[in-house]
Amino acid sequence: MRYVSTRGEAPVLNFEEVVLTGLARDGGLYVPETWPQMSKDDIRALAGMSYADAAAVILQPFLGDCISKEDFREMTRKAYGTFAHKAVVPLSQLGPNDFLMELYHGPTLAFKDVALQLLGLLYDHLLGKQGKKVTIVGATSGDTGSAAIEACRGRDAVDIFILHPAGRVSEVQRRQMTTVLDSNVHNIAVEGDFDDCQAMVKAMFNDHDFRDRLAVSAVNSINWARVMAQIVYYFTAAVSLGGPDRPVSFSVPSGNFGDVYAGYAASRMGLPIDQLLVATNRNDILSRFFNTGEYRKASVEPTISPSMDIQVSSNFERFLFDLEGREGAQVKQLMADLDTEGGFAVELSRLNDCIFGAGMCDEKTTLETIRQTLKDSAKLVDPHTAVGLHVADTARKDEKAPMVTLSTAHPAKFPAAVKEATGVHPDLPDHMADLFEREERMVTLPNELEAVKSHIVKNARILETN
Ligand SMILES: *Cc1c(COP(=O)(O)O)cnc(C)c1O
């Protein structure tokens, strides 16, 4: 399997190179040159398999000959063995044809563990083989950071630097990052918003000298391996509900468009999906795009679903690449328009036969949905999941297709909103019960690229050993 950049000007890479690189050198993102195909029989054969084994089967074609079948199966078993539920991503039922896919049973209680637990092992395997080190630099709106830190803590080949917007992540989210005291873990609170953090990470990737000197790698959802790992649960959920012989719909709480893009990838691989709903909070650039054809930046508004407080969704470029007939030059032009003019538009009719639908959920409705879900289905959900449930309800076309809403975080990660909506304080699971007593370590830096870069240069071990 070979990977090409969405802007058409970076070298074609194999899986190993793509995982260790992240962002392409032309500023684009790597995507598979072709989509591997699963026939209906291949999909039916997933029924009854463990999640780890299904992951090994579904993902093998993406690896090319970089990792042997046996090694990869061992990695998926190890990665998903860290989850607190035997089904890894269990489905629960909310209504006659409404389901929740609980993606929050990993070590940091958000869906990002599903991809990052595997990515941590991929780094070990690929770097160990070459005796190399990398410096991971990432931006987080809350959940990526803790999941990435948890996946990389204590690993010899990896130093990890995570930027988060100071004061704009929940206390649980912050503590999940800053209480990890391993010496290879570096938390940086930036005096800015998430888009500032993300822009700095992009700038560091585009500084080729910095990037090469530190062997910088990305764990943000721009890393192909993350999107790839998320493809699996669309298949396993659909098979549990009668797929591939019955199309299933999904509603996906979205920010950076990584999770919902994985659903799109599953459909391109042959999974029958009825509707793929992009659910956003007030920061609704994505739902505006799918409803109007216009992709236009606005300022970021803080919400009670902070992991989706994003305006420029990195992975959207991957979808745009397909929409533009895989013409890198065209994607490059549109992204330049986004930078210089704040947006671009495509003919709405061109979105007619894509499987995406979209909707927005405001703050009041998010709280109302948390309250109503507890009342109607005896289930406590977090604010991100509530956004998904609301859009599942309002943007659904076919009542007969089972609707699976992705539950992206455990309610205890966002206790304030859950308590406000229901009066119930969601408890952290036992293994995290003392989170608020643990010691924290982080630095706070101004919203300036040079300040962040010099902090990284000062602390990255790769510069000591080389
Ligand atoms: C990251 C995150 C999202 C958004 O996922 P994207 O892949 O960025 O679209 C939604 N909910 C939670 C809880 C998250 O952590």
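Residues numbered from 1 in each chain as written. Predicted model: local features only at pLDDT ≥ 70, side-chain atom pairs only at ≥ 80, totals over all residues. Heavy atoms only, no water.

A. View of the packing of helix α12 (residues 285–292) against helix α13 (residues 316–323). Relative orientation of the contacting elements α12 and α13 amounts to 15 degrees, with a least axis distance of 13 Å. Viewed along their axes, α12 and α13 adopt a mutual orientation that is roughly parallel. Pair α12 / α13 crosses with left-handed handedness. Taken together, the residues of α13 that come into contact with α12 (itself represented by Leu286, Phe289 and Phe290) are Phe316, Phe319 and Leu323. (Axes fitted to C-alpha atoms, helices over the stretch in contact; angles between N-to-C directions. Helix = DSSP H or I, 4+ residues; strand = E, 2+ residues; numbered from the N terminus. Parallel < 35°, antiparallel > 145°, perpendicular 65-115°, else oblique. Left-handed = near helix turned anticlockwise from the far one by under 90°. Contact = heavy atoms within 4.5 Å.)

B. Examining the packing of aromatic side chains more closely. Inspection of every chain in the model, using the stated rule, returns 27 aromatic pairs. Each ring, one from Phe257 and one from Phe290, has its centre 6.1 Å from the other, and the planes form 15 degrees; the classification is stacked. Highlighted residues: Phe257 in the loop between β9 (248–253) and α11 (258–268) and Phe290 in helix α12, separated in sequence by 33 residues. No difference in accessibility class separates Phe257 from Phe290, as the two residues are buried. With 5.0 Å between their ring centres and 75 degrees between their planes, Phe319 and Phe356 make a pair best called edge-to-face. (Phe/Tyr/Trp six-rings, centres within 6.5 Å; stacked < 30°, edge-to-face > 60°. Buried < 20%, exposed > 50% of the residue type's maximum accessible area, 1.4 Å probe, protein only.)

C. Here's a closer look at helix α10 (residues 224–240). The buried fraction of α10 amounts to 16 of the 17 residues, a majority that puts the element mostly inside the structure. The N-terminus of α10 is capped by Asn223, whose side-chain oxygen sits 2.9 Å from the backbone nitrogen of Ala225. (Polar contact = N/O pair within 3.5 Å; in protein donor to acceptor, adjacent residues only side chain to side chain.)

D. Structural context of the UniProt feature "domain: Tryptophan synthase beta chain-like PALP" (unreviewed entry) in the protein chain. Mapped onto this numbering, the UniProt entry gives "domain: Tryptophan synthase beta chain-like PALP" (unreviewed entry) at residues 95–324. Note that residues 95–324 is 44% helix and 20% strand, and that its end C-alpha atoms are spaced 39 Å apart. (UniProt positions renumbered as here; feature names shortened; annotations may be inferred.)

E. Structural view of the nonpolar core. Counting 112 residues, the largest nonpolar core has Tyr80, Phe250 and Phe319 as the members making the most contacts within it. Among the elements that make up this core, the one with the highest residue count is α10 (13 residues). Every residue in contact with Tyr80, bar those within four places of it in the chain, is listed here: Tyr51, Ala52, Ala55, Val88, Val114, Leu118 and Ala229. With 25 residues, the next largest nonpolar core counts Ile188, Val190, Val452 and Ile456 among its residues. (Core = buried A, V, L, I, M, F, W, Y, C linked by side-chain atoms within 4.5 Å.)

F. A look at the pattern of salt bridges. In this structure the tally under the stated criterion is 28 salt bridges. For the salt bridge of Arg44 with Asp245, the shortest nitrogen-to-oxygen distance reads 2.7 Å. Of this pair, Arg44 sits in helix α2 (residues 40–44) while Asp245 sits in the loop between α10 and β9, and the two are 201 residues apart along the sequence. With a relative accessible area of 36%, Arg44 lands in the partly exposed category. One salt bridge in this structure joins Glu368 and Arg371, with 2.7 Å as the shortest N-O distance. (Salt bridge = Lys/Arg side-chain N within 4 Å of Asp/Glu carboxyl O.)

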